[in-house]
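So the chains spell out like this:
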Amino acid sequence: MKREVLSNSHSDKLFEQVYDYLLDRIIREEWRAHEKLPSVRTLALELNVHRLTVFKAYQLLKQNRHVYVKDKSGYYVQPSSLLPVESMDDPIVSAYVHKSHLSEIHQVQATYQFSKALIDPNLLPNHYFSEYVKKVFDLYPKVLGTYSTTQGDQELREALCSYYVSRYHFHLSPDELMITSGSQEAIDLVARVLVKPRDVVLIERPTYSPAIDVFRRQGANMIPIEITPHGYDLEQVELLMQKEKPRLFYLNPTFHNPTGYTVPAEQRKRLVELAAKYQCLIVEDDPCRDIYFGDEPPLPFFSYDTAGYVIYLRSFSKYIAPGLSIATVACRPSIMKYLIQAKSLSDSGAPLLNQKIFLHYFFSERMQQHLAKLRIALAIRRDITEEELSVTDWEWSSPPGGFNLWVKLPDSVPMESLLGKCIEQSITFVPGAICDPLRELSSWIRISYSYLNEQQLRDGLQRLVHTVRQLNIEE
């Protein structure tokens, strides 16, 4: 690699270009955990740059925890964990150690899947849904013969726009909505358009693990913001916005994944004010707003936004029709035009058939009535989960909605061993470390109670409790 190649990088600062080059090679595992990196002198000669440039790049890698230093020996690749090599063949353990992709965990076949924050398919009105599939072909006989627009079907965007305006008081037009194939595509689009290497991104701790993966891939400098049952420390948030000049703050404030917490209304309004004051975009991920067990949650952040600093991501995949994979992005035209350009590079829009089915299915009176039944069924599953775990000394906060219980196990439980033991018992869950931008929180796990039926839920939780107790005795 020569110096002229470096000049094609995102930054004008040469040491940051070297940083990007080194980090890319580490991510692609050209250098593996604990492997020694080239010396400052060697790399300076290879890249035809000054040694001080390489030194500054290495210091930045060290600061961001990608490398560590051995005294008088050099720089080494920082591992994300110290699990034994023989554990790496297991996909769930591999995800925990290296990629931390939730999809890796979902690939594990298990009877008791506490890792899936999805609805039990038996809770959905499947026969009613199939009627709408037939209806759509009658209404749109040529639906399979054409693409949607990249931004999404006009009819669906108009219907969703009216829904958002009437229900949540959004200031919105159909042109400020985009339809995506699920919320993960929406997060990916936002990251690709708005985040470049070393941009500061505020992110909750813990948070939705695929979001961590997406922002890490973009080379973002992620700064964690603790989320609690009472929301955030707004003094800390304002201080970081003032000092670090973050590009955006990614948050999941309603029945938060994985904790189940909900940020109160007064904080929402204040955070929108802070975002405008410090010119930090808020990316509000809202995938399970309708799944509340008591009072409805506070209005979205987007409801308070008048200056265009909130991007609202709303998924309907988890509880309406996962097979359709429909989500929306709401934002102002200055951002929307770039999202459309980015999406056009990957596809020609979400499948038109899916959009038309969703349009007639979601807005039907029967589906809206079914949501009330769904809330009752999931509240029962939450209660069963808490009842089965009440025989333990584990800690959690009862969620007022959503799909997950965020549980703290005793510190003495070795997470890597528990992962392996649970797989043997045909149990999966989400380890807390993959929900943590710092890759800590190793005593926490996310248990999703929404995917299994009531009897499976009881059987699986009893097995999980027994497995943890056995492991504690063996240790």
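Above this text is the structure in question.
The rules we used
- Position numbers for residues start from 1 in each chain and track the written sequence from start to end.
- Local features in this predicted model are restricted to residues of pLDDT 70 or higher, and side-chain atom pairs are both shown and tallied only at a pLDDT of 80 or more, whereas totals for entire chains, interfaces and linings draw on every residue.
- Where side-chain values are given, they derive from all heavy atoms of the structure, hydrogens and water being excluded.
- Strand pairing is assigned whenever DSSP detects at least two bridges linking the two strands.
- Under the DSSP-based scheme used, a helix requires at least four consecutive residues in state H or I and a strand at least two consecutive residues in state E, with every element numbered from the N terminus.
- Angles shown run from 0 to 180 degrees and are taken between the N-to-C directions of axes, each axis being a line fitted to C-alpha atoms and, for helices, limited to the stretch in contact.
- Residues are treated as being in contact if the distance between any of their heavy atoms lies within 4.5 Å.
- A carboxyl oxygen of Asp or Glu within 4 Å of a side-chain nitrogen of Lys or Arg is what we treat as a salt bridge.
- Here's how the labels work: a residue is buried when its accessible area is under 20% of the maximum for its type, exposed when over 50%, partly exposed in between, all with a 1.4 Å probe on protein chains only.
- The disulfide criterion is simple: two cysteine sulfur atoms within 2.5 Å.
- Pairs of N or O atoms within 3.5 Å make up the polar contacts considered here, provided that, within protein, one atom can donate a hydrogen while the other can accept it, and that residues adjacent in sequence are counted only when both atoms are side-chain atoms.

Colleague: What should I look at first to understand the sheet that holds strand β4 (residues 177-180) in this one?
Modeller: Hydrogen bonds between backbone groups are what pair the strands of a sheet, and the pairing can be parallel or antiparallel. Spatially, β4-β10-β9-β8-β7-β5-β6 is the arrangement adopted by the seven strands of the open sheet, whose pairing is mixed. If you trace the sheet from one side to the other, it starts and ends with β4 and β6 (221-226), each paired once. Ignoring which end each strand starts from, the neighbouring axes of this sheet average 20° apart. Pairing geometry for strand β7 (residues 248-251) and strand β8 (residues 281-286), over four bridges, is parallel. If you follow Phe249 over to β8, its bridge partner there is Ile282. Across the sheet, helix α8 (residues 154-168) lies against β4, β9 (310-315) and β10 (327-330), angled at about 115° from β4, the strand it touches most.

Colleague: Looking at this structure, how should I read the pattern of salt bridges?
Modeller: A pair can form between side chains of opposite charge whenever their charged atoms are brought close. Across all of its chains, the model carries 30 salt bridges by this definition. Note that Arg65 is salt-bridged to Glu440, the shortest N-O span being 3.8 Å. Taken together, the residues Arg65 in the loop between α4 (51-63) and β1 (67-70) and Glu440 in the loop between β13 (430-431) and β14 (444-448) connect sequence positions 375 residues apart. Taking the shortest distance from any N to any O, the salt bridge between Lys196 and Asp199 comes out at 3.5 Å. With a relative accessible area of 13%, Asp199 lands in the buried category. Salt bridges sharing partners connect three or more residues here, namely Arg65, Arg205, Glu226, Asp436 and Glu440.

Colleague: I'm lost on the state of the cysteines in this one. Help?
Modeller: One way to say it: the disulfide is the covalent bond shared by the sulfur atoms of two cysteines. Counting across every chain of the model gives zero disulfides. No disulfide involves Cys422; its sulfur sits 16 Å from that of Cys435, the nearest cysteine.

Colleague: Hey, could you run me through the environment of Gln184 in this one?
Modeller: Mapped onto the secondary structure, Gln184 falls in helix α9 (residues 183-194). A sequence separation of 162 residues divides Gln184 from Leu22, and the C-alpha atoms of the two residues are 27 Å apart. The residues touching Gln184, leaving out its near neighbours within four places in the chain, are Tyr208 and Pro210. Among the polar contacts listed, one links the side chain of Gln184 to the side chain of Tyr208, at a separation of 2.9 Å.

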